Amino acid sequence: MKIYLYILAMALTTYLIRVLPLTVFRKPIQSRFIRSFLHYVPYACLTAMTFPAILYDTTYIISGIAALIVAIVLAFRGKSLLTVSLASCAAVFLTERIVELF
């Protein structure tokens with residue numbers, strides 16, 4: 001029975017997080033600062049979630065660093081997300097194979 005209470009509480013929390021901004025901010029936001037801030041929130045959250053995984057979810061930290069460097073270089077050159085992710089995966093794979101040889 002307790003599990004249903006937990007599920008209900010999480011459903012309510014998720015619902016409030018999604019509906020509250022729609023009810024509070026009915027007219028367009030006029031402040032340039034707040035609009036600019038809200039524009040960058042998704043990027044900051046995505047970075048905060050993925051950056052630790054890039055470095056620490058590989059066998060060796062050096063392979064994570066190599067993938068990060070490859071991703072940064074390709075992203076700044078304007079490559080697509082698929083190209084960046086595939087090249088980063090290849091960098092991890094190759095770096096780990098090279099490290100295992102030594």
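Cut-off values and rules
Residues numbered from 1 in each chain as written. Predicted model: local features only at pLDDT ≥ 70, side-chain atom pairs only at ≥ 80, totals over all residues. Heavy atoms only, no water. Helix = DSSP H or I, 4+ residues; strand = E, 2+ residues; numbered from the N terminus. Rg over C-alpha atoms; globule rule 2.2 N^0.38 Å. Buried < 20%, exposed > 50% of the residue type's maximum accessible area, 1.4 Å probe, protein only. pLDDT = per-residue confidence, 0-100. Polar contact = N/O pair within 3.5 Å; in protein donor to acceptor, adjacent residues only side chain to side chain. Contact = heavy atoms within 4.5 Å.

### Comments concerning the overall build of the protein chain
Check the secondary structure of the protein chain and you find 4 helices and 0 strands. Starting at the N terminus and ending at the C terminus, the protein chain contains elements arranged as α-α-α-α. Computed over C-alpha atoms, the radius of gyration of the protein chain comes to 21 Å, more than 25% over the 13 Å expected from 2.2 N^0.38 for 102 residues, which places it beyond the range of a compact globule. Seen through its C-alpha atoms, the protein chain measures out along the principal axes to roughly 60 × 45 × 20 Å. Within the protein chain, the fraction of its 102 residues that count as buried is 14%.

### Remarks on the confidence of the model for the protein chain
On average, residues of the protein chain score 88 in pLDDT, and 100% of them reach the 70 mark or higher. Mean pLDDT in the protein chain bottoms out at helix α2 (residues 32-56), which sits at 83, and peaks at helix α4 (residues 81-101), which reaches 93.

### Side note on the side chain of Ser63
Take Ser63: it is sitting in helix α3 (residues 61-76). Exposure remark for Ser63: the relative accessible area of 0% places this residue in the buried category. Reaching out from Ser63, the side chain makes a polar contact with the side chain of Thr58 at a distance of 3.3 Å. A polar contact of 3.2 Å, which involves the side chain of Ser63, links it to the side chain of Glu96. Each residue touching Ser63, except ones within four places of it in the same chain, is listed here: Thr58, Val92, Thr95 and Glu96.

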